[in-house]
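Okay, here's what each chain looks like letter by letter:
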Amino acid sequence: QQQVKQSPQSLIVQKGGISIINCAYENTAFDYFPWYQQFPGKGPALLIAIRPDVSEKKEGRFTISFNKSAKQFSLHIMDSQPGDSATYFCAASIEIDTPLVFGKGTRLSVIA
Amino acid sequence: DARVTQTPRDKVTEMGQEVTMRCQPILGHNTVFWYRQTMKQGLELLAYFRNRAPLDDSGMPKDRFSAEMPDATLATLKIQPSEPRDSAVYFCASGLADRGQGAFFGQGTRLTVV
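Here the residue index of a chain counts from 1 through its sequence in written order. Labels are handed out in written order, letters beginning with A for the chains and numbers beginning with 1 for the ligands. Selection of residues for local features in this predicted model requires a pLDDT of at least 70, selection of side-chain atom pairs for listing and counting requires 80 or more, and totals for whole chains, interfaces and linings are taken over all residues. Excluding hydrogens and water, the side-chain figures rest on all heavy atoms present in the structure.

Asks: For this particular structure, what's the right way to read the overall build of chain B?
Replies: Numbering of helices and strands starts at the N terminus; helices are DSSP runs of H or I of at least 4 residues and strands are runs of E of at least 2. The secondary structure content of chain B amounts to 0 helices and 11 strands. Along its sequence from the N terminus, chain B presents helices and strands in the succession β-β-β-β-β-β-β-β-β-β-β. Radius of gyration: C-alpha atoms only; globule rule: 2.2 Å multiplied by the number of residues to the exponent 0.38. Its C-alpha atoms give chain B a radius of gyration of 13 Å, near enough to 13 Å, the size a compact globule of 114 residues would have. Over its C-alpha atoms, taken along the principal directions, chain B stretches across nearly 40 × 25 × 25 Å. Whether two residues touch is decided by their heavy atoms; if any such pair falls within 4.5 Å, the residues are in contact. Long-range pairs, those at least 24 residues apart, make up 53% of the contacts in chain B between residues at least 6 apart in sequence. Accessible surface computed for chain B: about 5900 Å², of which carbon and sulfur atoms make up 47%. The positive charge centre, built from 14 side chains, and the negative charge centre, built from 13, are 3 Å apart in chain B. For the accessible areas, the method is Shrake-Rupley and the probe is 1.4 Å, while residue cover comes only from the protein chains on display. Residues scored as charged are limited to Lys and Arg (positive) and Asp and Glu (negative), so that His and the chain ends carry no count. Positions of charges follow a simple convention, taking NZ of Lys, CZ of Arg, CG of Asp or CD of Glu.

Asks: What's the story with the pattern of salt bridges in this structure? I'm lost.
Replies: A side chain with one charge may pair with a side chain of the opposite charge, provided their charged atoms come close. Any carboxyl oxygen of Asp or Glu within 4 Å of a side-chain nitrogen of Lys or Arg constitutes a salt bridge here. Applying the stated criterion to the full structure yields 9 salt bridges over all chains. Note that K57 of chain A is salt-bridged to E59 of chain A, the shortest N-O span being 3.7 Å. For E59 of chain A, a relative accessible area of 38% gives the class partly exposed. A network of salt bridges, in which partner residues are shared, links R64, E83, R85 and D86 of chain B. Throughout, exposure labels follow a simple rule: accessible area from a 1.4 Å probe, protein chains only, divided by the maximum for the residue type, with under 20% read as buried, over 50% as exposed, and the rest as partly exposed.

Asks: Looking at this structure, I do not really get the interface of chain B and chain A. What am I missing?
Replies: The parts lose accessible area when they come together, and the size of an interface is often stated as this lost area. Across the contact, 21 residues belong to chain B and 16 residues belong to chain A. Throughout, the accessible surface (probe 1.4 Å) given up by two parts as they are put together, summed over both, is called the buried area. Taken over both partners, the interface formed by chain B and chain A buries close to 1600 Å², and the fraction arising from carbon and sulfur atoms is 56%. The largest contributions to the chain B side of the interface with chain A come from L43, F105 and Q107 of chain B, which together make up 29% of the buried area. Linking R50 of chain B and D97 of chain A is a salt bridge whose minimum nitrogen-to-oxygen distance equals 2.7 Å. Polar contacts, as used here, are pairs of N or O atoms within 3.5 Å; protein pairs need one atom able to donate a hydrogen and one able to accept it. Residues neighboring in sequence count only if both atoms are side-chain atoms. Remark: the boundary between chain B and chain A carries 9 residue pairs in polar contact (both at pLDDT 80 or more). Broken down by secondary-structure element, the contributors of at least two residues to the side of chain B that touches chain A are β4 (31-38) and β5 (42-50) of chain B.

Asks: Which parts of the structure should I look at to understand the side chain of Q38 of chain A?
Replies: By the element assignment, Q38 of chain A lies in strand β4 (residues 33-38). A polar atom in the side chain of Q38 of chain A sits 2.8 Å from the backbone oxygen of K42 of chain A. Among the polar contacts made by the side chain of Q38 of chain A, one reaches the side chain of Q37 of chain B at a distance of 3.0 Å.

Asks: What should I look at first to understand the state of the cysteines in this one?
Replies: Between two cysteines, a covalent bond joining their sulfur atoms is known as a disulfide. Pairs of cysteine sulfur atoms within 2.5 Å are what we label disulfides. With the rule as written, the count across this model stands at 2 disulfides over all chains. The residue that forms a disulfide with C23 of chain A is C90 of chain A, at a sulfur-sulfur distance of 1.8 Å. Its torsion about the S-S bond being -90 degrees, the disulfide of C23 of chain A and C90 of chain A is classed as left-handed. A residue pair is termed long-range when its members are at least 10 positions apart, and C23 of chain A in strand β3 (residues 19-25) and C90 of chain A in strand β9 (residues 86-92) qualify at 67 residues. We note that C23 of chain A, like C90 of chain A, is buried. Each sulfur in the disulfide pair C23 of chain B and C92 of chain B lies 1.9 Å from the other.

Bear in mind that shape data such as this cannot, by itself, settle questions of function.
Structure follows, in structure tokens:
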């Protein structure tokens, strides 16, 4: 049973464009929703995270939008740059320090 | 520069051999996770420790995998005997709940069983 569904699997965006990655979850007990960025040969790095008590969180060019009633959340990358080319994973957990359930990942390519 | 350190970075071994992977969590962190990453299954939880006590190892094949924390600065994941299907990248992550920062991952151990 896949508890966190992520789409699309791959995404190509022009430099300066907006990258949008979507995730949906099933377990209503989830209370912490992070996004991780992974470059080839590296471990996942925490990018930004949100709790369900807010509908949006912004850090620099990265924004999480959260829809609790729809059980969906998304990552928006504004002004996408070639350096943003990586695999992005959404995840969810019951508490911030409990195990994460990951989506399958989205491979983002930002082309000049 | 606080980071999670994993050794070895790469390991090639023959089927049937014992493999031990080590992880040094960030100093002061009290939760440790082991995840496995494969193309087919993605990132899956293998084991979870808090204050060195194992809380969840339901994702781990019990007959061949074992995870321990001999002390607060060392976590180990052992596979005995190893099989080709164990080939994957194994990640250790650590966190500190009170700080509200989430889990920080190491660089991983790439295991190839031939």
